[in-house]
Structure formats: structure tokens, C-alpha cells
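Okay, here's what each chain looks like letter by letter:
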Amino acid sequence: MTKIIPPVAKIIPHILEKHNDVRIDNYYWLNDRENPEVIDYLNKENKYYNEMTAHTKDFQKSLFEEMKSRIKEDDESVPYLYNGYYYITRFEIGQDYPIHSRKKGSLEAPEEIMFDCNEMAKGNAYFQLGGVSVSPDNQFATFAVDKKGRRIYTIQIKNLITGEILSDKIENTSGGSVWANDNQTILYTHQDKKTLRSDKIFKHKFGTDSKEDVLVFHEKDDTFSVYVYKEKSKKYLVIGSSSTLTSEYQILNANTPDEEFTVFQPRVRGLEYTISHFEDAFYVLTNKDEATNFKLMKTPEAATLKKNWADVIPHREDVLLEDIEIFKDYLVVEERNNGLTKLRIMPWSGTEEYYLPFESETYSAYTSTNVDFDTNILRYGYQSLTTPSSVIDFNMKAKTKEIKKEQQVLGGNFDKSNYVEKRIWVIAQDGAKVPISMIHRKEITQNGKNPLLQYAYGSYGYSMDCTFSTTRLSLLDRGFIFAIAHIRGGEDLGRPWYENGKLLKKKNTFSDFIDCSKFLISSNYTSAEHLYAEGGSAGGLLMGAVINTAPELYNGVIAQVPFVDVITTMLDDSIPLTTGEYDEWGNPNEKEYYDYMLSYSPYDNVKKQKYPNMLITTGLHDSQVQYWEPAKWIAKLRTLKTDTNLLYLNTNMDAGHGGASGRFEALKEIAKEFSFLLDLEGIQK
């Protein structure tokens, strides 16, 4: 049998110098998407991956069919009523993309198809519809399309009565747009062509050439991004500017879009706030006055400066205030306590408030589509590791609930009673208590022989809520344990949990993950021969840091679109994921941050040692983590690793950061990952 030889990237030393520190990057040349040699190298890696995994192709196909068989192909969303129309998103059997439709006044009314994404996607390897916004008179809709996966959208306008696509065409946008109340004025977000930072808000007049659009606001601080929306009350248009640590809003009456916006509260570094309009006031969710876990304040709409803000819900050390939803008679508050989300119902009348009851410790609950002020119905979503997702309408007055939809798991084999979900706590090396959420089949015993997939993210304050997955069943039913490590860098245990996993405390994220792995092994849930790790994007950085530090703990690792070349990327302010990220990672133009980032940057710390079996995935058109980061990483790993373990790079040549766009194409990518894990366990059916 002919031995399959992995591709070897040529070495062209490139000197990088900063703070009198010299780094030699042998694979810097891969940073050129237009270079035919770069494309050739990526294609060779794909060819190698395909040849090496040829024996799993039938298994991948059967996994794909198995996962697909659990999905209700002709599924549809729960309709919601907005401005006289019920809006519905549905799928048809065999189709990859959704159909967006509406019905006037009643669910019995004839269906009006607004956008059939299956038709719109024809002839494109990638397709994404975004930013649908219907005019106040219900006659027109703006919509945005991305056909590359780089999250660069073109906005157009459709006549919803005649079906005609108008000639208005607006390029280089983030996809977001909003109508003023005059049905003539559209505000939208423009992106810088090179960095893809959302930097400008323009005003477009219906039926005019986009070249005539008026610049409303230019966000010149390159650490901020800008966006535009309309308040739920429909009274105000809002321009938001945000960085990792600071926010600022501008408001304008939606009836007079040609007037000037007014700054709500000028930006103050470190002051974060969001606003919600109701009656004659704004409710402000903010960290003002050192409210680390945020508090809720209120201010008159005519006096919005922070000196006028008054407490509504004061700051609490043990409860993170995440979001609010305002109704005519109720305020609904999303809180996070001890790692779990809670929904708090507070009547404006001052009568007794209460929490919705949730029993599990591994669930996720969240407010859903609530576009109507004048209703007693709160729509929320609920799911857990063992419970399929549900959309529930809760009557806040009668305290009754109606399950509008529960996710169906087809195939006839799923019974939630066959699975166990639980939360365990790990003592990290510095004494912090890190929660792990876990699911497995109930017959699993702690004998140290179970394959276990440990997943985490740990950045940007994103909490890893426990969600149900039909695809995950394909691992669980083959004996895998699945564990989510709620490590620092996320906001799972409140804002301090995030603060202690960023900037000069970033290494807590990595050590937490490793400590969780060691605990899972010492507790006999698994062993190093059967432990697997997975993370994507900033979670891919986590994977890279972990395997440089403790490669002996893992049999296999999956790194999706991994952010691994931290120093070089953060020193290049011409690409996305740089200037807006300084408050997350630090600015390496400052030596203290340079030295710290250099000490953990996965690409810079690859060394001669054994590494686990690895599958690395990326997309050629990724706008957030450029393809060359994983490409350079694998090239360096190939030259330095001292083992014979598997090392694969699989590049989707048609997609970006989010992977394939069609729902079934996305399943094929999951099947690749699962077959990689299962094959390492000797499971091929």
C-alpha cells in the first residue's frame, strides 16, 4: 500500500520585529489569498485530508443521513404578530434554505412569500440572507445578501405587494437597516472595505441612487463599531457605538429622520450601557457607579445624561443583570445567578414580582420574539442538555403557559429518560470553582474508559448555555460523554468571571480548561486515551494554548476556525479582529501586552513535542479569523511535532467564519468532525 505523504509548505523566513524582539515567521507567505501557490497548498491539504479519511467516507455519509433523519425537514417557526401581520419562517422537505413568509391579520389568511432563499441561493456555493426590515406601511422590505461568507452584505428593497426587486442597491454593508416612520427613509450600516469594521451610518431615500446617500454618522475611533435600530416603542431611531468596554448611543425621533441625532450620554471609557424606551422615559442597563454585574436605571427622555439616571434595580454582587424586556404592564428581567439564567416578572403596578420556575441545573432560558408592548404574553425559549427546545407563551397575569412548539426529534429512537444531565464543580489551581455541564447515556459508569468530548469557548464574556442538540445524539448513543467547561473569559458566573479571563488574566481561561480535563480524568469519567477537546474561533485559540501546555491529556482535538496567530494578527490593524479587540486581548504595541500575548500565542509557542491527533477546519473567505492562521499553524506543527498522530487541515473553499450556509451542508461538516472522533475510538458504524 502506497504511503500517503502530507504536504509540506515551503519555508520563506520573514522577519517580524517589535519592542526589540525578533520573530521569524517561516510561513508568513501564506497570507495572500490571491497567490496561486497559497491556493495550491490549501488544495493539497484538502487532498491529503480526503485521502487519509477515505476509509471513513461511507461512515460520514451514514452519520449525515442519521443526523438528517432526526430533523423535521418541513419545519416552521412559531408565528409572531407584528404591525398587523403574522411572520413565519419555514423549511420545505429536501430544501437547504428557509422561506420567509407572512399572513395578514390571521393565520388563516393566504400566505405571502416574502423571500424564498432556496430560489435566491441558486448558482451560489454560499448564501446568507440577513437584515430583513419591513416598512411601517407593510408595503416594502429591505433585505441583505452575502454570497461569499465574508459577512459583506448588499442591501436591496423588495415591493412586497408586487414582488418586484427595486433598482436600489447598497454595497459594503453589515446587512442591518431600519426604516424611519415616513416609509421613505432607510438608515443602514456601512463597512470599511478592508477591515470590515462597521464605521458609518448612511441615510438612503427610497427610490434614489445609493451614490446620493447622506452620511449621518462616521465612527472614527477604530476600536468602536457602529449600528442602527429602532426602539420597540417605534418612537426613536438609535445609533449605537460600542467597543469591548465602552458604549454610546444617539437618538432621533423616527418621525423626523432628516433632523440631527442627539447623543444620549457621551462615551466615557469603561461606561457600558444599553437603552430601552417606554412612555416618557428610557430604561438604562449599565455598569455605572462600579456596578460590575450591571444595574437598571431610569431617566426622563428629555434628560438623558447620566447625572439624571436613577436606580430601578440596584447592583448585586451575586447576580448578573443581562437584559430586559418591556411590556405595557410588566418589566421582564433576564438575570444570571450561579451560572443559571432566570426570568424575573415585575409588574409596573408594584404587585408581587416572581420568577419563572426552572428545575434543571443544565438548562437555557431566554426571552424570544416579543415585539408587542400591549400584551400580557411573554414569549420565551427553554431547553436543556436532555430537553429539546421549546417556544412557550407565558401569560404573566394568569401565570399560565402554553407550549407553542417543542422541537421534534424524528427517527423514533430519542427518549430523554435515556440520558443523564448534571453539573459538577472543579476547583481550579488558584481556588476558583469552575462548573462543568455534562450529558451522557444513563448506563454510562465512571470506569475511566468512556470517550469524552470537552467543549469550551471562554472569551468576550460569552456564556456557554446548555442547549439541546439532535446531532450530538450521534456521539452520545455511541458511548460518548459530552461536557461543557464554563471557564473564565465567559460570563457564566457573572461579570467578574469574564474580567478574570481576559487581558493580563487570559491564561486563567487555558488553565481552567486543563484543570477541568484533569478532574474528568481523576474522577474516572474518562482517561487521557479517550479524552477529546473542541473549540472554535477564540475557542480555537484555547485549543492551541492547551495542546502546547498539556498535550498529554488529550487523544484528539478539533479546532474550528482557530484564532492562533495572536501577536501578528493583533499588530495588523488592516484586518478585521484587531483594533476593536484591544480591550479583550490587549494592544501588543504596548510591551507589557506584547510579552504576555507572546507567552501564550499558540502559533508562536509550537515546539518539539508530541501533540494529540488533530482536525483543524477553516474557511477561505473567513472575515474574522483569516484562513492563513490555521494554515500557518498546521505547517509549523508538521515540522515540529515528534509523534505520528493524525494532523489534518480541511478548508472550505466556499465559506467563511460560520462554515457552510445550507442546513444540510452544515450537517456534512459535523459528520466530518464526528467521524474523526469516532474513528479514533475505533467506532466506524
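Look above for the structure.
All of these numbers come straight from a predicted model, not from anything done at the bench. (Residues numbered from 1 in each chain as written. Predicted model: local features only at pLDDT ≥ 70, side-chain atom pairs only at ≥ 80, totals over all residues. Heavy atoms only, no water.)

Chemist: For the overall build of the protein, give the residues involved together with the corresponding values.
Modeler: If you tally the helices and strands in the protein, you get twelve helices and 37 strands. For the protein, the C-alpha radius of gyration of 25 Å lies close to 26 Å, the compact-globule estimate for 685 residues. With respect to the three principal axes, the spread of C-alpha positions in the protein is 70 × 55 × 50 Å. In the protein, which comprises 685 residues, the proportion classed as buried is 57%. Across the protein, the fraction of contacts at a sequence separation of at least 24, relative to all contacts at a separation of at least 6, is 56%. Put simply, the protein shows about 28,500 Å² of open surface, and 48% of that area lies on carbon and sulfur atoms. Positive and negative side-chain charges of the protein, numbering 81 and 99 respectively, have mean locations separated by a distance of 3 Å. (Helix = DSSP H or I, 4+ residues; strand = E, 2+ residues; numbered from the N terminus. Rg over C-alpha atoms; globule rule 2.2 N^0.38 Å. Buried < 20%, exposed > 50% of the residue type's maximum accessible area, 1.4 Å probe, protein only. Contact = heavy atoms within 4.5 Å. Areas by Shrake-Rupley, 256 points an atom, 1.4 Å probe, with all protein chains shown as cover. Lys, Arg positive; Asp, Glu negative; His and termini not counted. Charge placed at Lys NZ, Arg CZ, Asp CG, Glu CD.)

Chemist: Would you mind going over the pattern of salt bridges in detail, with residue names and values included?
Modeler: Under the counting rule described, the total for this entry stands at 45 salt bridges. When the shortest N-O distance is used, the salt bridge between Lys 200 and Asp 199 registers 3.3 Å. One salt bridge in this structure joins Arg 344 and Glu 353, with 2.6 Å as the shortest N-O distance. (Salt bridge = Lys/Arg side-chain N within 4 Å of Asp/Glu carboxyl O.)

Chemist: Help me get a handle on the sheet that holds strand E16 (residues 247–253), residues and values and all.
Modeler: Strand order in the open sheet formed by four strands is E14-E15-E16-E17, and the pairing between neighbours is antiparallel. Both edges of this open sheet fall to strand E14 (225–230) and strand E17 (262–263), since each of them pairs with a single strand only. Pairing between strand E15 (residues 236–242) and E16: seven bridges, direction antiparallel. Bridge pairing in E16 places Ser 242 opposite Ser 247. (Pairing = 2+ DSSP bridges.)

Chemist: Kindly report on the pairing of strand E30 (residues 419–427), identifying the contributing residues and their values.
Modeler: Where a strand is regular, its side chains alternate between the two sheet faces. Summarising the sheet, E30 and strand E31 (residues 433–441) pair through nine bridges and their orientation is antiparallel. Each bridged residue has a counterpart across the sheet, and for Tyr 419 the counterpart in E31 is Arg 441. If you look at the hairpin formed by E30 and E31, you'll find five residues sitting between the two strands, and Gly 431 has a positive phi there, around 95 degrees.

Chemist: I'd like a rundown of the sheet that holds strand E3 (residues 80–82), residues and numbers included.
Modeler: In sheet architecture, strand pairing relies on hydrogen bonds along the backbone and comes in two forms, parallel and antiparallel. In spatial order, the strands read E3-E4-E5-E6; together these four strands make up an open sheet with antiparallel pairing. Single-partner strands in this sheet number two, and they are E3 and strand E6 (112–116). When the angles between neighbouring strand axes are averaged without regard to direction, this sheet yields 30 degrees. Where E3 and strand E4 (residues 85–90) come together, three bridges link them in antiparallel fashion. The residue bridging Tyr 82 from the neighbouring strand is Tyr 85, located in E4. (Axes fitted to C-alpha atoms, helices over the stretch in contact; angles between N-to-C directions.)

Chemist: How would you explain the state of the cysteines if you had to name every residue and give the values?
Modeler: Evaluated as defined, the whole model comprises zero disulfides. Here Cys 466 stays unpaired: no disulfide links it, and the sulfur of Cys 516, its closest cysteine neighbor, is 13 Å away. (Disulfide = S-S within 2.5 Å.)

Chemist: Can you explain the packing of helix H2 (residues 57–69) against helix H12 (residues 663–680)? Please cite residues and give values.
Modeler: When two helices pack together, their arrangement is captured by the angle between the axes and the distance separating the axes. Across the interface, H2 lies against H12 with an axial gap of 8 Å and an inter-helix angle of 125 degrees. As summarised for this structure, H2 and H12 are arranged oblique, according to the angle between their axes. Between H2 and H12 lies a crossing whose hand is right-handed. Across from Phe 59, Gln 60, Leu 63, Phe 64, Met 67 and Lys 68 in H2, the residues of H12 making contact are Phe 664, Leu 667, Lys 668, Ile 670, Ala 671, Lys 672, Phe 674, Ser 675 and Leu 678. Considering only residue class, the contact of H2 with H12 consists of ten nonpolar, two polar and three charged. (Parallel < 35°, antiparallel > 145°, perpendicular 65-115°, else oblique. Left-handed = near helix turned anticlockwise from the far one by under 90°. Nonpolar A, V, L, I, M, F, W, Y, C, P; charged D, E, K, R; others polar.)

Chemist: Describe the environment of Tyr 596, naming the residues involved and giving the relevant values.
Modeler: Within the secondary structure, Tyr 596 is located in helix H10 (residues 591–600). Sequence separation between Tyr 596 and Leu 503 is 93 residues; the distance between their C-alpha atoms is 8.7 Å. Contacts of Tyr 596, omitting those with residues within four sequence positions, involve Leu 503, Leu 504, Lys 505, Lys 506 and Lys 507.

Chemist: Give me the nonpolar core: which residues, what numbers.
Modeler: Grouped together as the largest cluster of nonpolar side chains are 102 residues, with contacts concentrated most on Leu 42, Phe 513, Tyr 554 and Trp 633. Leu 343, Ile 345, Leu 356 and Ile 392 belong to the second largest nonpolar core, which has 17 residues in total. (Core = buried A, V, L, I, M, F, W, Y, C linked by side-chain atoms within 4.5 Å.)

Chemist: Any chance you could break down helix H1 (residues 36–52) for me, citing the residues and the numbers?
Modeler: Over its 17 residues, H1 extends 24 Å from the first C-alpha to the last, a length consistent with the 24 Å expected when each residue adds 1.5 Å. Those residues of H1 not exposed but buried are Val 38, Tyr 41, Leu 42, Glu 45, Asn 46, Tyr 48 and Tyr 49. Down the axis of H1, the smallest arc covering the buried residues is 160 degrees, so these residues share one side. Within H1, the exposed residues directed more than 90 degrees away from the buried face are Pro 36 and Lys 47. On the buried face of H1, the contacting elements are H2, strand E36 (613–619), helix H11 (628–640), strand E37 (647–652) and H12. (Expected span 1.5 Å × (residues − 1). Arc of directions from axis to C-beta.)

Chemist: Outline a nonpolar patch on the surface, listing residues and values.
Modeler: Among the surface-exposed residues, Ile 15, Val 22 and Ile 24 lie close enough to one another that they form a single nonpolar patch of about 290 Å² accessible area. With respect to the element layout, Ile 15 can be found in strand E1 (residues 14–18). (Patch = residues over 30% accessible without salt bridge, like charges linked within 9 Å, V, L, I, M, F, W, Y side chains within 5 Å.)

Chemist: Could you give an account of the side chain of Thr 526, naming the residues involved and the relevant values?
Modeler: Within the secondary structure, Thr 526 sits in the loop between helix H6 (507–522) and strand E34 (531–536). Judged by relative accessible area, Thr 526 falls into the buried class, the value being 1%.

Chemist: Let's hear about the environment of Leu 677: which residues, and what values?
Modeler: Mapped onto the elements, Leu 677 comes out in helix H12. It is 9.6 Å that separates the C-alpha atoms of Leu 677 and His 530, two residues lying 147 residues apart in sequence. The contacts of Leu 677, once residues within four sequence positions are left out, are Leu 453, Leu 475, Phe 480, Tyr 532 and Ile 558.

Chemist: Tell me about the pairing of strand E11 (residues 185–191), and name the residues and values.
Modeler: Here E11 lies mainly inside the structure; seven of its seven residues are buried. Neither face of E11 is exposed, since Thr 185, Leu 187, Thr 189 and Gln 191 on one face and Ile 186, Tyr 188 and His 190 on the opposite face are all buried. The pairing of strand E10 (residues 165–179) with E11 spans four bridges and is antiparallel. Opposite Val 178, over in E11, you have Leu 187 as the bridge partner.

Chemist: Mind laying out unusual backbone geometry, listing which residues take part and the relevant values?
Modeler: Although it is not a glycine, Asn 20 sits at a positive phi angle of roughly 65 degrees. Looking at Asn 20, the relative accessible area reads 77%, which means it is exposed. Phi at Asn 138 is positive, roughly 70 degrees, even though this residue is not glycine. Structurally, the position occupied by Asn 138 is in the loop between strand E7 (128–134) and strand E8 (140–146).

Chemist: Give me the lowdown on the packing of aromatic side chains, citing residues and values where you can.
Modeler: Inspection of every chain in the model, using the stated rule, returns 38 aromatic pairs. With centroids separated by 5.9 Å and ring planes inclined at 20 degrees, the aromatic side chains of Tyr 188 and Phe 202 adopt a geometry described as stacked. Of the two residues, Tyr 188 sits in strand E11 while Phe 202 sits in strand E12 (residues 198–205), which places them 14 residues apart along the sequence. Given the relative accessible area of 16%, Phe 202 is considered buried. Centroid distance Phe 414 to Phe 468: 5.3 Å. Interplanar angle 65 degrees. Geometry classified as edge-to-face. With Phe 414 in the loop between strand E29 (400–406) and E30 and Phe 468 in the loop between strand E32 (452–455) and helix H4 (473–476), the pair connects residues that are 54 residues apart, well separated along the chain. Overall, the relative accessible area of 22% leaves Phe 414 in the partly exposed class. Given a relative accessible area of 8%, Phe 468 falls into the buried group. We note Lys 10 situated over the ring of Trp 29; from NZ or CZ to the ring centre the distance is 5.3 Å. A cation over an aromatic ring shows up here: Arg 488 above the ring of Trp 497, its NZ or CZ 5.7 Å from the ring centre. (Phe/Tyr/Trp six-rings, centres within 6.5 Å; stacked < 30°, edge-to-face > 60°. Lys NZ or Arg CZ within 6 Å of the ring centre and 35° of its normal.)

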